[in-house]
Amino acid sequence: TLPEAGEATVAVFDVLGRRVARLHAGPLAGGTHRFRLEAAGLPSGVYLVRVDQAGGPAGDAQALTERITLVK
């Protein structure tokens, strides 16, 4: 959920910090969004999903990181 519209990047990283997928890069409206991770080429394990949003009118950049577990 984004508090306001702006440029955002949504990416998935493995536990070693390597980006394994980019789910979105560009403008997003404020509100709740869903993204689909095509995980056919990824092994089971723990991954981090990071959302980076560029600064809004106040110039504050925001980042949110969530842990997910992929089980095949």
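Everything numeric here is computed off the predicted structure, so don't read it as measured data.

Asker: Looking at this structure, how should I read the overall build of the protein chain?
Answerer: On a plain count of helices and strands, the protein chain comes out with 0 helices and 4 strands. Start at the N end of the protein chain and walk to the C end: the helices and strands fall as β-β-β-β. Taken along the three principal axes of its C-alpha coordinates, the protein chain extends 40 × 20 × 15 Å. A burial count over the protein chain gives 24% of its 72 residues as buried. Once local pairs closer than 6 in sequence are excluded, the contacts in the protein chain between residues at least 24 apart make up 48%. Counting only carbon and sulfur atoms, one obtains 52% of the accessible surface of the protein chain, whose full area is about 5,000 Å². Placing the 8 positive and 7 negative side-chain charges of the protein chain at their respective mean positions leaves the two points 10 Å apart.

Asker: So what exactly am I meant to see when it comes to the environment of Y47 here?
Answerer: Its location among the elements puts Y47 in strand 3 (residues 45–53). Here Y47 falls in the buried class, since its relative accessible area comes to 4%. Distance from Y47 to E66, taken between C-alpha atoms, is 8.5 Å for residues 19 residues apart in sequence. Among the polar contacts listed, one links the side chain of Y47 to the backbone oxygen of P43, at a separation of 2.7 Å.

Thresholds applied
Residues numbered from 1 in each chain as written. Predicted model: local features only at pLDDT ≥ 70, side-chain atom pairs only at ≥ 80, totals over all residues. Heavy atoms only, no water. Helix = DSSP H or I, 4+ residues; strand = E, 2+ residues; numbered from the N terminus. Buried < 20%, exposed > 50% of the residue type's maximum accessible area, 1.4 Å probe, protein only. Contact = heavy atoms within 4.5 Å. Areas by Shrake-Rupley, 256 points an atom, 1.4 Å probe, with all protein chains shown as cover. Lys, Arg positive; Asp, Glu negative; His and termini not counted. Charge placed at Lys NZ, Arg CZ, Asp CG, Glu CD. Polar contact = N/O pair within 3.5 Å; in protein donor to acceptor, adjacent residues only side chain to side chain.

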